[in-house]
Amino acid sequence: MALRHLSVKALLFFGLCQVGRRGFASAPEVREAPKKIAIIGGGIGGTAAAFFLRQEFGPAVKIEVFEAGTVGGRLATENIGGYEYETGGSIIHPLNLHMKHFLDRLGLSPRADVSSKLAIFDGKELTFEESDWFIVNFIRMLWRYGFNFIRMHMWVEGILDKFMRIYQYQQFGYSFSSVEKLLHAMGGDGFLTLVNQTLEEAMLAEGFSQVFLNDVVTPVTRVNYGQSVRINGFVGAIALAGADSGLWAVDGGNKMVCSGLLYHSKAELVPARVTAISMKMRPSKTGSAANFYEVNYVGESGAAHSTYDIVVVATPLHQGMSDINFSGFSPPIPTHFPGRYHQTVATLVHGLLNVSYLGTTEKPERFFVSDVLTLDNKASEIHSLSSLNPVKIPKGYSPSPASQHKVWKIFSSQPLSQKNLQQIFLSWDSVSEKRWLAYPSYSPPHRRTPPFILHDRLYYLNAVEWAASAMEMSAISARNLALLAHHRWYEQTAKINQEDLHTRLKGEL
Ligand SMILES: Cc1cc2nc3c(=O)[nH]c(=O)nc-3n(C[C@H](O)[C@H](O)[C@H](O)COP(=O)(O)OP(=O)(O)OC[C@H]3O[C@@H](n4cnc5c(N)ncnc54)[C@H](O)[C@@H]3O)c2cc1C
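Residues numbered from 1 in each chain as written. Predicted model: local features only at pLDDT ≥ 70, side-chain atom pairs only at ≥ 80, totals over all residues. Heavy atoms only, no water.

Each helix and strand counted, the chain has 15 helices and 19 strands in total. Taking 509 residues into account, the globule formula puts the C-alpha radius of gyration at 23 Å, and the chain, at 23 Å, falls close to it. Its C-alpha atoms give the chain principal-axis dimensions of roughly 80 × 55 × 45 Å. Buried positions account for 54% of the 509 residues belonging to the chain. Looking at the chain alone, contacts between residues at least 24 apart form 76% of all its contacts between residues at least 6 apart. On the chain, roughly 22,400 Å² of surface is accessible, and the fraction owed to carbon and sulfur atoms is 55%. (Helix = DSSP H or I, 4+ residues; strand = E, 2+ residues; numbered from the N terminus. Rg over C-alpha atoms; globule rule 2.2 N^0.38 Å. Buried < 20%, exposed > 50% of the residue type's maximum accessible area, 1.4 Å probe, protein only. Contact = heavy atoms within 4.5 Å. Areas by Shrake-Rupley, 256 points an atom, 1.4 Å probe, with all protein chains shown as cover.)

The next point concerns the sheet that holds strand β15 (residues 384-387). With respect to topology, seven strands assemble into an open sheet ordered β6-β5-β14-β15-β16-β13-β17, the strand pairing being mixed. In this open sheet, the two edge strands, each paired with only one partner strand, are β6 (126-129) and β17 (425-440). The sheet shows a mean angle of 20° between the axes of neighbouring strands, direction not considered. The pairing of strand β13 (residues 341-353) with strand β16 (residues 406-412) spans seven bridges and is classified as antiparallel. Residue pairing for β16: Gly351 is matched across the bridge by Lys406. Helix-sheet contacts for helix α10 (residues 210-225) involve β5 (118-121), β13, β14 (371-374), β15, β16 and β17, and the interaxial angle to β14 is about 110°. (Pairing = 2+ DSSP bridges. Axes fitted to C-alpha atoms, helices over the stretch in contact; angles between N-to-C directions.)

Time to look at the nonpolar core. Across soluble globular proteins, you tend to see nonpolar side chains buried next to one another. In this structure, Phe102, Trp155, Phe234 and Ile277 are the most contacted members of the largest nonpolar core, which totals 128 residues. With 10 residues, helix α14 (residues 471-489) is the largest single contributor of residues to this core. Not counting residues within four places of it along the chain, the set of residues in contact with Phe234 comprises Phe163, Leu183, Phe191, Leu194, Val195, Ala467, Ala468 and Met473. Formed by 20 residues, the second largest nonpolar core is a distinct cluster that contains Ala119, Leu385, Trp408 and Leu416. (Core = buried A, V, L, I, M, F, W, Y, C linked by side-chain atoms within 4.5 Å.)

Once that is clear, we can look at the sheet that holds strand β19 (residues 458-460). A sheet is described by the order of its strands in space; here six strands give the open sequence β7-β2-β1-β11-β19-β18, paired in mixed fashion. Looking at strand neighbours, the two that pair on one side only are β7 (268-270) and β18 (453-455), the edges of this open sheet. Taking each pair of neighbouring strands and ignoring which way they run, the sheet shows an average axis angle of 25°. Bridging between strand β1 (residues 36-40) and strand β2 (residues 62-66) involves five bridges; their strand directions are parallel. Bridge pairing links Ile39 to Val65 in β2.

A separate point is a nonpolar patch on the surface. Residues Trp133, Phe134, Ile135, Val136, Phe138, Ile139, Leu142 and Phe147 make up a contiguous nonpolar surface patch of about 840 Å² in total accessible area. With respect to the element layout, Phe138 can be found in helix α5 (residues 134-145). (Patch = residues over 30% accessible without salt bridge, like charges linked within 9 Å, V, L, I, M, F, W, Y side chains within 5 Å. Salt bridge = Lys/Arg side-chain N within 4 Å of Asp/Glu carboxyl O.)

Turning to empty space enclosed by the protein, a few remarks are in order. Summed over all chains, the structure comprises four cavities of 30 Å³ or more. What lines the largest cavity is simply Val156, Ile159, Leu160, Phe163, Phe234, Ala237, Ile238 and Ala241. Grouping the constituent residues of the lining of the largest cavity by class yields eight nonpolar, no polar and no charged. Here the second largest cavity defines a volume of roughly 50 Å³. Together, Ile120, Thr127, Phe128, Met141, Arg144, Tyr145, Asp215, Val216 and Leu375 line the second largest cavity. Listing elements by their share of the lining of the second largest cavity, those giving two or more residues are β6, α5 and α10. Considering each element in turn, the lining of the second largest cavity owes the most residues, three residues, to α5. Taken together, the residues that form the lining of the second largest cavity break down as six nonpolar, one polar and two charged. (1 Å grid on protein atoms, 1.4 Å probe; cavity = no way out; pocket = protein on both sides within 12 Å on 5 of 7 lines; lining within 4 Å. Points joined across faces, edges and corners; volume = space filled by probe spheres on them. Nonpolar A, V, L, I, M, F, W, Y, C, P; charged D, E, K, R; others polar.)

Around the ligand, the structure places 36 residues, and the nearest of them are Gly45, Glu67, Arg74, Ile91 and Asn462. Ser469 places a side-chain nitrogen or oxygen 2.9 Å from an oxygen atom of the ligand. Within the side chain of Ser474, a nitrogen or oxygen atom sits 2.9 Å from an oxygen atom of the ligand. Calculation on the ligand without its partners gives an accessible area of 1,000 Å², and the protein chains cover 93% of this total. Going through the elements one at a time, α3 (44-57), β8 (272-283), β17 and α14 are the ones with two or more residues in the shell around the ligand. Sorting elements by how many residues they give to the shell around the ligand places β8 first, with three residues. Residue classes in the shell around the ligand are distributed as 16 nonpolar, 17 polar and three charged. (Near = heavy atom within 4 Å. Polar contact = N/O pair within 3.5 Å; in protein donor to acceptor, adjacent residues only side chain to side chain.)

As a further point, take the packing of α10 against helix α11 (residues 233-241). At a minimum axis distance of 9 Å, the contact between α10 and α11 shows a crossing angle of 95°. As judged from the angle between their axes, α10 and α11 are roughly perpendicular. Of α11, the residues touching α10 (which contributes Val217, Val220, Thr221, Asn224 and Tyr225) are Val235, Ile238, Ala239 and Leu240. For the contact of α10 with α11, the residue count by class is seven nonpolar, two polar and no charged. (Parallel < 35°, antiparallel > 145°, perpendicular 65-115°, else oblique.)

The complete set of buried residues in helix α12 (residues 256-264) reads Val257, Cys258, Gly260, Leu261 and Leu262. Buried-residue contacts for α12 involve α3, β2, α4 (97-106) and β7. Lys266 occupies a position one or two residues after α12 and carries a positive phi of about 55°.

Let's shift gears to the layout of surface pockets. Looking at the second largest pocket, its volume works out to about 490 Å³. Of all the secondary structure elements, the ones that give two or more residues to the lining of the second largest pocket are β8, β9 (289-299) and β10 (302-308). Looking at the lining of the second largest pocket element by element, the count peaks at four residues for β9. Looking at the lining of the second largest pocket, its residues break down into eight nonpolar, five polar and eight charged.

Further remarks concern the confidence of the model for the chain. Residues with a pLDDT of 70 or more make up 93% of the chain, whose mean pLDDT is 92. Taken together, the stretch residues 1-7 has pLDDT below 50 and engages in two contacts with residues farther than four places along the chain or on a different chain. Of the regions scoring below 50 in pLDDT, residues 23-27 engages in nine contacts with residues more than four places distant in sequence or in other chains. (pLDDT = per-residue confidence, 0-100.)

Below, the structure written as structure tokens:
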């Protein structure tokens, strides 16, 4: 069974590489092509949008990417002792085909693999410590949780199988005008239900035990999304997939994909903060009025504005994330959509771990645990504690025991106090803290996810984060919006919101 699925997935990836330039080759260019496109945000979403928009609209269109901070956005690294370490988005699933495809096109490679070992901490002691022996782990899990563990893998695999359909749809040029329609095309009503219930509700309904949810599932949602099993079921399944084997990262740092995509798409980077987007009218050649978008921004040389045919907003329109004022639109577009982003503080410490903090009696020189996840209880002030490997693995590098000074990353929702640090570490020589508004604070049921289409040719990429926030989700949204913008520009409605695609495309590969 698994083999059959894998081979279909492998085929999809191969197809993705082969049919990369689909839209560009097939456009019935009756209408004049757009001249200028603006993208607001130079994270993975914005730079992937530049890549796919270039693919769809061809070499003549001018694409400008506005970035107020650093290219990469929530993909960022920190230098400690001459080595770079990931502080934001760090792991990529083996079936994230767009991310794989980007590496392929950009000539980047996955980072060398370093072995890891996981443990779960209840605030006082380790409730689980992974053994080097697969069979030992298997028997322990079976003993404590019966078949919950195996069934969880099957449940996540079933969701992933449906998730993978999006690659086939996109390969054939299909696009969706809302997050709900995109989810429905992948997984039908089941996916819409998942987004509107908690992971806890979804898994209890599937027959998983509460103890298993508390002991095993919660630590995974805490490390990946800083939240409990009350996040929505869809993002919960994505979090659980993040506990699969074969996870990878980009050699040299994940943010290299963003600068690579920017370069490859021949887009121009505008280092400026966009302050406002407004709709303007101008007379067209045919005598009627045509609308276009004016983007106002502040860069190093002060305030300026430019006009565009198409605009893609690739940054969250939420409090604390961006402050863009929209004017002249009816109905009005809010500066901030409802809901908030969850704070995750990433604290990087180069120091000596106090293993007794974890309640273990193991000697530090024999303690090789690299990832400590935590239960959701008052005693756990941190969400996770991980030993970090540099983004570029030096020759001869191997995991070191806790008796040696190394770089640890702690995720918590509040900044760590001096007292916290003194409890967790015996000594340290550097501490750096990055406060992220990391991902949506998920509290299903959703009122409604924000729209992909803010106005006629004004699109919103990060709407997708309300289903799930991940690098691949931004890339999927980027491809969807590039296709959508293309089809709407050339009025190819047959490629938008088609029902029952899964059945119709069966046998096409
Ligand atoms: C701590 C942490 C851990 C994570 N772990 C993972 C993980 O392991 N795996 C995974 O897949 N995902 C992970 N994620 C999520 C992932 O990083 C994000 O989903 C993804 O990077 C979002 O990319 P984006 O381009 O859509 O948004 P962003 O990266 O936020 O990019 C938006 C960009 O827009 C810019 N901007 C904002 N306002 C303006 C403006 N007005 N004008 C101009 N520019 C503006 C910002 O500076 C930013 O660079 C993690 C995130 C965090 C924070």
